[in-house]
Amino acid sequence: MTRFLTPLATSLPATVPFTGPETMERQQGQPFRARLGANESLFGPSPRAIAAMTAAVEGVWMYADPESHDLKQALAHHHGVTPAHIVVGGGIDGLLGLLCRLTLEPGVPVVTSLGAYPTFSFHVAGFGGALHRVPYRGDHEDPQALLDTARQTGARLIYLANPDNPMGSHHAGAVIEAMVADLPDHCLLVLDEAYADLAPEGSLPHIPADHPQVIRLRTFSKGYGMAGARVGYAITEPGLARAFDKVRDHFGMGRVAQIGALAALADQDWLDQVRLRVIAARARVTAIAAANGLRALPSATNFVTVDCGRDGDHARAILRETVARGVFIRMPGVAPLDRCIRISLGDDAALDVLEEVLPQAIAAAG
């Protein structure tokens, strides 16, 4: 049946960016004891959001508002912009796909970091873009190297996540502002701020919403604890925002998800509580790592990347043994980042299991 595919589609690898924990559970024949690999929020969504979504279920027979009007209005007010600056979509992943569809043709150069969030590269390849990857500088993405490569290649897009996934590191807002000031005229900065709600003070840049060369991406999946609802949004200049209407699925945003996101946004007290719990969980994972001779890297996210102290083979062995003992974690997949494992932050019950299993996994890994 592949005779019906385009040459580009035929050339793509038969893969997806991530293997889900559900797939791994089916392979192992048992559920995970602790789910700490997908950077979900085990602290959950606001009770007000849960109540709103529960009440909304009775109306699920109706299509959602295809313009996401109320959610756009609320997001605009929250960020001090106009609704014309807001795009709502099915998580950041969905918005990245639409952005690539809008901006890329086969052969158009794109710059990202080697080891950065793979879904962006997945979409770029799907639309035929020519990927150019620069290495991390230590545990951080390298803004200057991204800019230099964009100039050398004439790139149309630069992708940068701040705070970063998979390392959990971040640059100060002033660093991102300097990068924006130095953008080549031919380049759009795709600034993935999925973890912005959990980032330390001073991490987020001040960029005018009307800036013609920046699109900022946010989500309800992390701090707001609604990963399964698939609600993301972008802040960008109105012309680019309107362009998404040309290609988006106009009924792609579910009614229950929109209503839940509205309620979650209105409950900033809950988000403040989640931030405190994330800080406490970071400290505990750091202590668990240290007790086992490993080094936790500073984190600006809802996960902690842990340096296993040797090479990628050793880290993969620890990962394999941890997963085999019922704790779902992941790791960066590209050397030298693959010397690490990555552990999502969770509640005490989940971290109790991690504390029990990790020393066993390290011993089994040798």
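This text follows the structure it describes.
Residues numbered from 1 in each chain as written. Predicted model: local features only at pLDDT ≥ 70, side-chain atom pairs only at ≥ 80, totals over all residues. Heavy atoms only, no water.

It is worth spelling out the pattern of salt bridges at this point. According to the stated counting rule, one finds 19 salt bridges in the structure shown. A salt bridge links D139 to R339, with the nearest nitrogen and oxygen atoms 2.6 Å apart. Within this pair, whereas D139 is found in the loop between β4 (130-134) and α7 (143-153), its partner R339 is found in the loop between β11 (327-328) and β12 (340-344), the two being separated by 200 residues in sequence. Salt-bridge contacts for R284 lead to E355; the nearest nitrogen and oxygen are separated by 2.7 Å. Residue R284 is located in helix α11 (residues 268-291), and its partner E355 is located in helix α13 (residues 348-365); the two are separated by 71 residues in the primary sequence. Each of D139, R295, D307 and R339 takes part in one network of salt bridges that share partners. (Salt bridge = Lys/Arg side-chain N within 4 Å of Asp/Glu carboxyl O. Helix = DSSP H or I, 4+ residues; strand = E, 2+ residues; numbered from the N terminus.)

This part covers helix α12 (residues 312-324). Taking 1.5 Å of rise per residue, the 13 residues of α12 would be expected to cover 18 Å, and the 18 Å separating its terminal C-alpha atoms lies within 8% of that figure. Those residues of α12 that are buried are in contact with α2 (21-28), β11, β12 and α13. One side-chain oxygen at the N-terminal end of α12 lies 3.3 Å from the backbone nitrogen of D313; it belongs to D311. The first or second residue beyond α12 is G326, which carries a positive phi of 95°. (Expected span 1.5 Å × (residues − 1). Contact = heavy atoms within 4.5 Å. Polar contact = N/O pair within 3.5 Å; in protein donor to acceptor, adjacent residues only side chain to side chain.)

Our focus in this paragraph is the environment of A350. Counting through the fold element by element, A350 comes out in helix α13. The buried category is assigned to A350, whose relative accessible area is 7%. Sequence-wise, A350 and A241 are 109 residues apart; in three dimensions their C-alpha atoms are separated by 40 Å. Ignoring anything within four residues of it in the chain, the contact list for A350 reads A34, L36 and L42. (Buried < 20%, exposed > 50% of the residue type's maximum accessible area, 1.4 Å probe, protein only.)

So, on to the layout of surface pockets. Each pocket or cavity is described by its volume, and for the largest pocket that value is around 810 Å³. Lining the largest pocket are 33 residues, with V16, P17, F18, A116 and P118 positioned closest to its centre. Taken together, the elements giving at least two residues each to the lining of the largest pocket come down to α6 (118-126), β4 and α12. Considering each element in turn, the lining of the largest pocket owes the most residues, six residues, to α6. Approximately 540 Å³ is the volume attributed to the second largest pocket. Residue lining of the second largest pocket: 25 residues in total, with A38, D93, Y117, K222 and R230 positioned closest to the centre. Residue assignment for the lining of the second largest pocket shows that the elements contributing at least two residues are α5 (91-103) and β5 (157-161). Per element, the largest residue contribution to the lining of the second largest pocket is three residues, and it comes from α5. Looking at side-chain class alone, the lining of the second largest pocket contains 10 nonpolar, eight polar and seven charged residues. (1 Å grid on protein atoms, 1.4 Å probe; cavity = no way out; pocket = protein on both sides within 12 Å on 5 of 7 lines; lining within 4 Å. Points joined across faces, edges and corners; volume = space filled by probe spheres on them. Nonpolar A, V, L, I, M, F, W, Y, C, P; charged D, E, K, R; others polar.)

Bringing the side chain of T219 into the picture now. Examined against the element boundaries, T219 turns out to sit in strand β7 (residues 214-219). In this structure the side chain of T219 is engaged in a polar contact, spanning 3.5 Å, whose partner is the backbone oxygen of V231. Filtering out sequence-adjacent residues up to four positions away, T219 remains in contact with I92, A194, D197, Y224, V231, G232 and Y233.

To continue, consider the packing of aromatic side chains. Under the defined criterion, the tally for this structure stands at seven aromatic pairs. Centroid distance F220 to Y233: 5.9 Å. Interplanar angle 55°. Geometry classified as tilted. Pair noted here: F220 is in the loop between β7 and β8 (232-235) and Y233 is in strand β8, with a separation of 13 residues, a long-range link. Of the two residues, F220 and Y233, both sit in the buried class. One aromatic cluster is present, built from ring pairs that chain together F220, Y224 and Y233. Sitting above the plane of the F303 ring, R342 keeps its charged end 5.4 Å from the centroid. (Phe/Tyr/Trp six-rings, centres within 6.5 Å; stacked < 30°, edge-to-face > 60°. Lys NZ or Arg CZ within 6 Å of the ring centre and 35° of its normal.)

A cis amide bond links N162 with the next residue in sequence, P163, at an omega value of -5°. Along the polypeptide, P163 turns up in the loop between β5 and α8 (173-181). Cis geometry marks the peptide bond from A335 to P336; its omega dihedral reads 0°. Counting through the fold element by element, P336 comes out in the loop between β11 and β12. Even without being a glycine, S68 presents a positive backbone phi close to 45°. Owing to a relative accessible area of 4%, S68 belongs among the buried residues under this scheme. You will see that R230, though not glycine, has its phi angle at about 60°, which is positive.

With that out of the way, let us pick up the nonpolar core. Residues L36, V306, V327, I341, I343, L354 and L358 are the most contacted members of the largest nonpolar core, which totals 36 residues. Among the secondary structure elements, those contributing two or more residues to this core are α11, β10 (303-307), α12, β11, β12 and α13. The contact partners of L354, leaving out residues within four places of it in the chain, are L36, V285, I288, V327, I343 and P359. Among the nonpolar cores identified, the runner-up in size contains 34 residues, and A234, L240, F244 and C340 belong to it. (Core = buried A, V, L, I, M, F, W, Y, C linked by side-chain atoms within 4.5 Å.)

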